[in-house]
Amino acid sequence: MGTPDFAVPSLEALLGAGHTVCGVFTQPDKPKNRGMKLQPTPVKECALSHGIPVFQPVKLRDGTALEQIRALAPELIVVAAYGRILPQDILDCPPKGCINVHSSLLPRYRGAAPINWAILNGDGETGVTIMHMAAALDAGDIIAQAYAPIGPDETAPELTARLAELGGALLAETVARIEAGTAERIPQEEEQATLAPMLGKELSPLDFSRSAQALHDQVRGLIPWPAATARVGGVRCKIFATAAERGSGGPGTVLEAGKNGILIACGGDTALRILELQPDGGKRMRAADYLRGHPVEAGSVL
């Protein structure tokens, strides 16, 4: 059971390990781009390429999905970024239970956006957890974990791709241990739990009174959506690439603007250099290219 690109390596890992995947559940197709043509999910595309039956229920609590699962009679259900909460009757269905591939080191970052929040909070390390699923959000017993460093300039999509591969490899090892009866069950320490709620546009605006490093982490963590934003030359822009430097001046003051981007004074004698941006209604571009049509004077305040 999975939906986005993150879940594809987990499906491929199960197939690569020789397991029979009797069915794949994924979110319904959604319209995309200007033509609003229905697009299959990445997991659906992968499943169909391997000839695996695909199920896309709109609801999980009306009994239809449960009957489909009972007909498939799986020994184990694996969930990876499915995007739906499984009701208890589905959790109870397979004899070996339901396990989840979660992109954090639980109990830290339970919830919908663990990768983004790890970057937003400036963490230097994260990982993946394979856990038994429970009724409470991401609170089930831990079976296995794998650690991964977070690069100082790594963006959320880049980290997601790395953790997806790490999760697939760990899943294959874990399912082998479940099959052999040697898998561990480690209860989570509730007092260590933190949340990673869904992202919203209220997180986007850059506050230049914060340190440049905090803003650099904000930019990295909010790619591709909702993206960090700032008004540059009077135009609202999404910010996609930055660098944290030393600098002094009133927060929001432009220290320089030219071929090396736009350097803006931030809190704590730091400065943020904007390297890539996208003005509203425009294309993503280098900040130096943006300045050709939207001059920004040193000394002005954003």
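Conventions and cut-offs
Residues numbered from 1 in each chain as written. Predicted model: local features only at pLDDT ≥ 70, side-chain atom pairs only at ≥ 80, totals over all residues. Heavy atoms only, no water. Disulfide = S-S within 2.5 Å. Buried < 20%, exposed > 50% of the residue type's maximum accessible area, 1.4 Å probe, protein only. Helix = DSSP H or I, 4+ residues; strand = E, 2+ residues; numbered from the N terminus. Pairing = 2+ DSSP bridges. Axes fitted to C-alpha atoms, helices over the stretch in contact; angles between N-to-C directions. Left-handed = near helix turned anticlockwise from the far one by under 90°. Contact = heavy atoms within 4.5 Å. Salt bridge = Lys/Arg side-chain N within 4 Å of Asp/Glu carboxyl O. Core = buried A, V, L, I, M, F, W, Y, C linked by side-chain atoms within 4.5 Å. Arc of directions from axis to C-beta.

Novice: Would you explain the state of the cysteines in this entry?
Specialist: One covalent bond between the sulfur atoms of two cysteine residues makes up a disulfide. Applying the stated criterion across every chain yields a total of 0 disulfides. Between Cys22, a free cysteine, and Cys93, which holds the nearest cysteine sulfur, the sulfur-to-sulfur gap is 10 Å. For Cys266, which is in no disulfide, the shortest distance to another cysteine sulfur is to Cys237 and amounts to 16 Å.

Novice: Looking at this structure, how should I read the pairing of strand E12 (residues 261-266)?
Specialist: Note on strand geometry: in a regular strand, side chains alternate between the two faces of the sheet. Most of E12 is tucked away: 6 of the 6 residues are buried. Where strand E11 (residues 254-258) lies against E12, 4 bridges are found, and the strand directions are antiparallel. Each residue of the ladder has a partner; that of Glu256, found in E12, is Leu263. Between E11 and E12, which pair antiparallel in sequence order, lie 2 residues.

Novice: Got a minute to help me understand the packing of helix H1 (residues 8-16) against helix H6 (residues 156-180) in this structure?
Specialist: The packing of two helices is summarised by the inter-axis angle and the distance between the axes. Packing of H1 against H6 leaves a shortest axis separation of 8 Å and a crossing angle of 35°. H6 is crossed by H1, and the crossing has right-handed handedness. Between H1 and H6, the contacting residues are Pro9, Ser10, Ala13 and Leu14 on the first element and Ala164, Glu165, Gly167, Gly168, Leu171, Ala172 and Val175 on the second.

Novice: Before we go on, may I ask you to explain the side chain of Ser104 in this structure?
Specialist: If you trace the backbone, Ser104 turns up in the loop between strand E6 (98-102) and helix H5 (114-120). Accessibility expressed as a relative area gives 0% for Ser104, which makes it buried. Ignoring anything within four residues of it in the chain, the contact list for Ser104 reads Tyr109, Pro114, Thr126, Gly127, Val128 and Thr129.

Novice: Mind showing me how you'd approach the pattern of salt bridges here?
Specialist: When their charged atoms lie close together, side chains carrying opposite charge are able to pair. The final tally for this structure, using the stated rule, is 13 salt bridges. For the salt bridge of Asp123 with Arg108, the shortest nitrogen-to-oxygen distance reads 3.1 Å. In this pair, Asp123 is assigned in the loop between H5 and strand E7 (125-132) and Arg108 in the loop between E6 and H5, connecting sequence segments 15 residues apart. Asp123 sits in the buried class, given a relative accessible area of 17%. One salt bridge in this structure joins Asp289 and Arg292, with 2.2 Å as the shortest N-O distance. One end of the pair, Asp289, and the other, Arg292, are both in helix H8 (residues 287-293), 3 residues apart, so they sit about a helical turn from each other. On the accessibility criterion, Arg292 (65% relative accessible area) is exposed. Linked by salt bridges that have partners in common, Glu245, Glu256 and Arg273 make up one network.

Novice: I tried to follow the sheet that holds strand E5 (residues 77-79) on my own but got confused; where do I start?
Specialist: Strand pairs in the sheet, formed through backbone hydrogen bonds, run parallel or antiparallel to each other. Read across the sheet, 4 strands follow the order E5-E6-E7-E8 without closing on themselves; strand pairing throughout is mixed. This sheet does not close on itself; its edge strands, each paired only once, are E5 and strand E8 (142-149). Across the sheet, the axes of successive neighbouring strands diverge by a mean angle of 15°, strand direction being ignored.

Novice: So what exactly am I meant to see when it comes to the nonpolar core here?
Specialist: The tendency in soluble globular proteins is for nonpolar side chains to be buried side by side. Counting residues in each nonpolar core, the largest one holds 40 residues, and the members touching the most others are Leu11, Ile99 and Leu171. Put simply, the parts of the chain that give this core at least two residues each are H1, helix H2 (42-49), E6, H5, E7, E8 and H6. The dominant element in this core, judged by the number of residues it contributes, is H6, at 8 residues. Leaving out residues up to four positions away in the same chain, Leu11 has contacts with Val21, Val24, Val43, Cys46, Ala47 and Ile52. In this structure, Ala212, Val219, Val232 and Cys266 belong to the second largest nonpolar core, which totals 21 residues.

Novice: How should unusual backbone geometry be read in this particular structure?
Specialist: Of all residues except glycine, most have a negative phi; of all peptide bonds, most are trans. Omega for the peptide link from Leu106 to Pro107 comes to 15°, which places this bond in the cis form. Mapping Pro107 onto the fold places it in the loop between E6 and H5. A cis amide bond, omega 5°, links Trp225 with the succeeding residue Pro226. Locating Pro226 in the fold gives a position in the loop between helix H7 (212-221) and strand E9 (228-232). Located in the positive-phi region is Ala73, a residue other than glycine, with phi close to 55°. In the Ramachandran plot, Ala81 falls in the positive-phi region, its phi being about 50° despite a non-glycine side chain. With respect to the helices and strands, Ala81 occurs in the loop between E5 and helix H4 (88-91).

Novice: Where do I start with helix H3 (residues 64-72) in this structure?
Specialist: For the α-helix, the turn length of 3.6 residues means that residues three or four positions removed from each other point alike. Here H3 has its buried residues at Ala65, Leu66 and Ile69. Looking straight down H3, one finds that the buried residues subtend no more than 100° of arc, so they occupy a single side. Considering only its buried residues, H3 is in contact with strand E1 (24-25), E5 and H4. Count one or two residues on from H3 and you reach Ala73, which has phi positive near 55°.

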